[in-house]
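# Residue-level structural notes
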Amino acid sequence: MKRINENRFPIILASVLLLPIFSVVYFTNNNGSGHLYIAYVMRELLAGNELFSRFFEFNSLAVPNSTGHWIIAGLLGFTSPQIATKLMLAITFLAYFASALYLRHQIQGVRSRTLATLFAALMALNWFWFQGGYNQTLATAGFAFGVALVYRWRTEFTFRRIIALSLITLGVYFSHLVSFVFLAGGILFLSAWQDRHKAKRAVPAAILTIAPAIPLLIFHLLNGSRNGEPFIPHWRGLESWTDFPGWLRYLVAADPFAIASRKSLPFTDVQSGLFTVVSPFALVSIASALLAGCTIVSFCRADAGERKRLSPLYVLVAGFIFASAFGPGDFGISNGSVLRERFLIAGLTLLVGVFEIGNFDLFRKISGVALALAIAIQFCYLGEFAGYSDRQTREFVAIERSIEPGTSLASITVTTGQEKFRCLPATQMSSFLGVDRDVIVWDNYELGHYLFPVVVRDAADKDFVFRLSSSSVFGPMNRFSSEEANLVTMSNIISNERHQIDRFVVFGKDEQIEALLATHYSVAAISPSGTVRIFSRK
C-alpha cells in the first residue's frame, strides 16, 4: 500500500498544485503574454499575412528561446489565448516535475521518494515558470533529463544513445542558451570523471552529442552581436569586491522562488520583515542546507564505490550553487539577465536528484515540513494571483473592441508600489489583446532584441521597440531606467513618432503621463472600474 501511495503521490500533488490556474477564466502573466503574441505572429508569417510580413520576419533558425513559442503557436491553432496560457503553464510544470523525478530515480532509485517529490514540486513552482518563462522551464527540464541519461549511459555510449542525447541537447539549445551551456558542460564533466580507460571512450562520444549544436551556437553568437551590447559580466549592486554588506545583499538577492514579496503572506495586504522567515526562499534554504549536510555526512560514511559513483554529481551541485552565490548576474541586459537565479535552479535541480538523508530521521522530518510549508505558501499565492489576474485581465478585455484590426498598439503601465506579486499582467496586456486581432503591438520587448524567433524587419523599428518597451512602465516596478528618463523617452515618442502608434492602452493614472497623451491622443474607451483606458490618436 505504501508503494502504491508513493507512486500516486506525484500525480495527486501535481494535479492539486495546478488547480488555481484552471480555477479562473483568465490566468495571465507578463512574459507569457509576450510569448503568446510572438507565437501568433509566427503563425501569421507562415500564413503569409501581409500586415505582419510588412513589419516582422523570422529570426535566424539558429536562435534559441524558441521551443516554447512553437508549442504555443501549435496550441493557438485550436484554442484561445487564455486556454493556451493555462496549457503552457501545465505543460512546462509537468515537464520539469517529471524530469526532476526521473533524475532522482536514475541516481538514488526509490530512496526518500516522498521527500524528493516535495522538493521537485517546490522547484517547479519557481518564478521563471510563474511569470511565463516557458523556454527556461522547458530547458531546465531537458537539462535534468539529459544529465540523468548521461549519468546512466556514460560508461557505454552506443550509437543510438549518442543520437538520443544529441536530440535532447538540441532541444535544450533551442529552448534556452544558458541551460544548453549547463547541459553541455555537465555531459563533458560526467563523461570525463571516471576511470581513464572509460573516459577515453566516453569523452569523444560526449563531444559528438554536443557537436550538432556548436555551429548553431557560433552562428547565433555572431548574429546576436547585433544587439550592440558586448558579453561582459556584471555584478550589479556591488560597489567593490570588498563591500561586505553589499555581498550579503547580493547573496540573498538571487531568489527564484519569490513569486510575491518576501515580506508578504497570501491573502493579506499586511507586509512585515518578519514574514521573510517563512518565505519560500527561506524555507527552501533551510531544507536544502539540511539535505546537503546529511548528504555530505552520508557520503563520508559510504564505501569507496559509492563515493566514486556520486562524486562528480556532488561537485556539479556545489559548482552551480557557488556560481549562484558569487557569479555575475548577467553579461549585459540585452544578452539576458537573472543568470544567478538560473545557476541556483540548476544546482537545486541536481540536489533533488542526489540528496541522501541517511538515518537522520529528525532532519528528514524538518526538511519535509519546510518543503511542505513552502509548497503550501506558493499554492496559496497561486490561488490569490489567479483571482487578481482574472480581475485585471477582465478590465482589459471589457474594452478590447476599441482596438480595430489593422491598427498599431502600445501600452503604458503606471505602478503604485503596492503591487504584491512579482508579475504584473498589465505590463504585457497589449500583447495579449493583440492575439488573433491583426494588430501590430510595438511594446513587446522580444521584438527589441535578436534573442527570440521573430524580429522586426527595419533596424529603426527595432530601436523604436527597444526604447518604447524599456520606458513603458512607470513607478516602483520600473527596473530599466529612472522615472525622469522614461518620461523624456515617452515624450519624444509621443511627440515625434506617434505615427507608429494608433492606440495606447494605459493601466493606472499619472498626471504627467496624462498631460503627455492629451497633446496628441484622446480617450476612446474606459474599463468598468476606470483602471484601464484606451487612448486613440487624434
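Refer to the structure above for everything that follows.
So, here is what we can say about the structure in this document.

Rules used throughout
Residues numbered from 1 in each chain as written. Predicted model: local features only at pLDDT ≥ 70, side-chain atom pairs only at ≥ 80, totals over all residues. Heavy atoms only, no water. Helix = DSSP H or I, 4+ residues; strand = E, 2+ residues; numbered from the N terminus. Rg over C-alpha atoms; globule rule 2.2 N^0.38 Å. Contact = heavy atoms within 4.5 Å. Areas by Shrake-Rupley, 256 points an atom, 1.4 Å probe, with all protein chains shown as cover. Lys, Arg positive; Asp, Glu negative; His and termini not counted. Charge placed at Lys NZ, Arg CZ, Asp CG, Glu CD. Axes fitted to C-alpha atoms, helices over the stretch in contact; angles between N-to-C directions. Parallel < 35°, antiparallel > 145°, perpendicular 65-115°, else oblique. Left-handed = near helix turned anticlockwise from the far one by under 90°. 1 Å grid on protein atoms, 1.4 Å probe; cavity = no way out; pocket = protein on both sides within 12 Å on 5 of 7 lines; lining within 4 Å. Points joined across faces, edges and corners; volume = space filled by probe spheres on them. Nonpolar A, V, L, I, M, F, W, Y, C, P; charged D, E, K, R; others polar. Core = buried A, V, L, I, M, F, W, Y, C linked by side-chain atoms within 4.5 Å. Buried < 20%, exposed > 50% of the residue type's maximum accessible area, 1.4 Å probe, protein only. Disulfide = S-S within 2.5 Å. Phe/Tyr/Trp six-rings, centres within 6.5 Å; stacked < 30°, edge-to-face > 60°. Lys NZ or Arg CZ within 6 Å of the ring centre and 35° of its normal.

## A look at the overall build of the protein
When its secondary structure is counted, the protein shows 22 helices and eight strands. By the compact-globule yardstick of 24 Å for 538 residues, the protein fits well, its C-alpha radius of gyration being 24 Å. Taking the principal axes of the C-alpha coordinates as reference, the protein spans close to 80 × 55 × 50 Å. Nonlocal contacts in the protein, meaning residues at least 24 apart in sequence, comprise 77% of its contacts between residues at least 6 apart. Carbon and sulfur atoms make up 63% of the accessible area of the protein, which totals about 22300 Å². Here the protein contributes 46 positive and 37 negative side-chain charges, whose respective centroids are spaced 12 Å apart.

## As for the packing of helix α6 (residues 81-108) against helix α17 (residues 339-354)
Following both chains from N to C, one finds α6 and α17 inclined at 45 degrees, their axes separated by 7 Å at the closest point. Taken together, the axes of α6 and α17 are oblique relative to one another. As α6 packs across α17, the resulting crossing turns out to be right-handed. Taken together, the residues of α17 that come into contact with α6 (itself represented by Y96, A100, L103, R104, I107 and Q108) are T349, L350, V352, G353 and V354.

## Here's the deal with the layout of surface pockets
What the second largest pocket holds in volume is close to 630 Å³. As for the second largest pocket, its lining consists of 26 residues, of which S288, A289, I321, L344 and L348 are closest to the centre. At the level of secondary structure, the elements contributing two or more residues to the lining of the second largest pocket comprise α14 (244-253), α15 (280-301), α16 (304-326) and α17. Counting residues per element, the lining of the second largest pocket draws most heavily on α15, which supplies nine residues. Across the lining of the second largest pocket, the residue classes tally to 20 nonpolar, four polar and two charged.

## Re the nonpolar core
Formed by 162 residues in total, the largest nonpolar core has its most connected members in F56, F119, W442 and F504. Among all residues touching F504, those that are not within four sequence positions of it are A410, S411, I412, M490, I494, L517, Y521, R533, I534 and F535.

## With respect to the environment of P10
Position of P10 among the secondary structure elements: in helix α1 (residues 2-17). Owing to a relative accessible area of 13%, P10 belongs among the buried residues under this scheme. Along the backbone, P10 and A98 are 88 residues apart, and their C-alpha atoms lie at a distance of 8.7 Å. Here P10 is in contact with F97, L101 and T117, once residues within four sequence places are set aside.

## With respect to the state of the cysteines
In total, this model carries zero disulfides according to the counting rule given. Of all cysteine sulfurs, the one in C300 lies closest to C294, which takes part in no disulfide; the gap is 12 Å. The class of C294 is buried, set by a relative accessible area of 3%.

## Quick look at empty space enclosed by the protein
Enumeration according to the criterion identifies three cavities of 30 Å³ or more in this entry. Its boundaries defined by the atoms lining it, the largest cavity holds a volume of some 80 Å³. Around the largest cavity sit 17 residues that line it, and S261, R262, S279, P280 and Y381 are the ones nearest its centre. Sorting the residues of the lining of the largest cavity by element identifies α15 and α18 (361-397) as the ones contributing at least two each. Broken down by element, the residue count for the lining of the largest cavity peaks at three residues, all from α18. Its residues placed into classes, the lining of the largest cavity shows 11 nonpolar, four polar and two charged.

## Topic: the packing of aromatic side chains
Taken as a whole, this structure holds 39 aromatic pairs when the rule is applied. Put simply, the rings of Y37, Y40, F52, F55, F56, W442 and F464 touch in pairs and so form one group of aromatic residues. The positively charged end of R340 is found above the aromatic ring belonging to Y250, 3.7 Å away from the centroid. Cation over ring: R422 sits above W127, and NZ or CZ is 4.5 Å from the ring centre.

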